[in-house]
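Structural overview
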Amino acid sequence: MGDYGKVVTGNTPPTKDIENYENGTYLWASPADLGTHKLISETKTKLSSKGFTKTRPLSKGSVLVTCIGSTIGKTGMATREMSTNQQINSIVVNENNDNEFVYYVVQSAFPHYLSSIAVQAVPIISKSSFELLPSKRPSLQEQNKIGKFLSLLDERISTQHRLIEDLKKLRCAVSNKLFQSVKGVVIPLSGISNIVKGKQINGDFLAEVGEYYVMNGGTEPSGYYDNYNVEANTISISEGGNSCGYVQFNRMPFWSGGHCYTIQDIVSDVETLYLYHYLKSKEDSIMKLRIGTGLPNIQKKDLAEFKVIIPAIEQQRTISNILSLLERKTEIEGRMLISMRTEKQYLLHQMFI
């Protein structure tokens, strides 16, 4: 890796001197700033001009790599002059190499590098070890072609990510507008449905893949099980954990775990999808029902009293159709994003064998 350019290990200006950080405008990256987006145009912490003079500056186009800690291997590329903390090694790419190519070389090779690191409490690759990491280096012309091609793919992935975020914002705005104007009977949730708490499964019986997913206190399945206890097209609400209050519509049969409520036996004059979209629009309010701090949870009696506005059935269907279309569109675009990322990983593997 050292043949691609100068390797620079970052550092931290004294934190006791507030003037190093006050009104900061210079980007200063930590591992938390790497891995989500290729181009680093913002950082959680910025330095003042005084603080920046106490760091090791990196030029635009430098490749940043986390080399200490649990996020080791996360990468980024500087969009302007900046610096980093000591957990990051950066390659200031020289004129004999293409910085885009170097970025993708690091992304492709790091899984292999990690397999050779000795198991330790805090994984680390020192500057000297980083410089000696092996990499096949083609001609500059070939580097340019590979770097440009993969950059175009990354730009498409970034565009897809922005599209999904915009769709989420649009759905939220439309949802707020629709429910602000809706008029109808106000009824507690227990007055139109049964709130059923799930049944906990011993973690030893859960698998990483399977036919039926298990919902508990998070936004993602906690595993898979060989049976289900809730039918398809059912609303679930997380009962406990940091994500308690999260509302989800389950299109497939699933297992409702010990930290999951399901909304069942909904009365005939209330559309299930309307109720889902209404509860989803009020997710922040549902989360305010949490009690406790270490492991917060929502009591069934409090959720039972949560108020729901029920308009005429025709208006329920109109609202649910609009919001379901927007939600489905977002899901489709999300699957496309996953496919693009999978394709990129395949290409990285094929190009850098």
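Preceding this section is the structure that the text describes.
To start, this report covers the structure provided alongside it. (Residues numbered from 1 in each chain as written. Predicted model: local features only at pLDDT ≥ 70, side-chain atom pairs only at ≥ 80, totals over all residues. Heavy atoms only, no water.)

Notes on the nonpolar core
For the record, the criterion: Buried residues of nine kinds, namely Ala, Val, Leu, Ile, Met, Phe, Trp, Tyr and Cys, make up a nonpolar core once their side-chain atoms join them within 4.5 Å. Each residue is assigned to one of three classes by its accessible area relative to the maximum for its type, calculated with a 1.4 Å probe on protein chains only: buried under 20%, partly exposed between the two thresholds, exposed over 50%. Only DSSP runs of H or I reaching four residues or more are called helices, and only runs of E reaching two or more are called strands; each is numbered from the N terminus. The contact criterion used is simple: two residues touch if any of their non-hydrogen atoms lie within 4.5 Å.
Grouped together as the largest cluster of nonpolar side chains are 31 residues, with contacts concentrated most on Met1, Val63, Ile91, Phe110 and Phe130. Elements that contribute at least two residues to this core include exactly strand E5 (63–66), strand E8 (88–93), helix H2 (99–115), helix H4 (140–181) and helix H8 (313–351). Discounting residues that sit within four places of it in the chain, Ile91 has contacts with Met1, Tyr4, Gly5, Lys6, Val7, Ser62, Val63, Val102, Val106 and Phe130. The next biggest cluster of nonpolar side chains, apart from the first, holds 28 residues, and it includes Cys244, Leu303, Val308 and Ile310.

Details of the sheet that holds strand E13 (residues 234–238)
For sheets, the rule is that strands pair by backbone hydrogen bonds, running either parallel or antiparallel. Rule in force here: Here, any two strands with at least 2 DSSP bridges between them count as paired. Each axis is a line fitted through C-alpha atoms, taken for helices only over the stretch in contact, and angles between the N-to-C directions span 0 to 180 degrees.
Read from one edge to the other, the open sheet built from four strands follows the order E10-E16-E13-E14, with strand pairing classed as antiparallel. Sheet topology places strand E10 (194–197) and strand E14 (247–250) at the edges, where each strand pairs with a single neighbour. Strand-to-strand twist across the sheet, computed as the mean angle between neighbouring axes with direction ignored, equals 30°. Inspection of the sheet shows E13 paired to strand E16 (residues 260–264) by four bridges, in the antiparallel sense.

Some remarks on the sheet that holds strand E2 (residues 26–29)
Read across the open sheet, the three strands follow the order E4-E2-E7; overall the sheet is mixed. Looking at the sheet topology across the chains shown, the edges are occupied by strand E4 (45–47) and strand E7 (83–84).

Considerations on the packing of aromatic side chains
Applied cut-off: Aromatic pairs are defined between Phe, Tyr and Trp rings, using the six-membered ring for Trp, whenever the two ring centres lie within 6.5 Å; interplanar angles under 30 degrees are classed as stacked, those over 60 as edge-to-face, and all others as tilted.
Counted according to the given criterion, the structure contains 11 aromatic pairs. Put simply, the rings of Phe179, Tyr274 and Tyr278 pair up and form one aromatic cluster.

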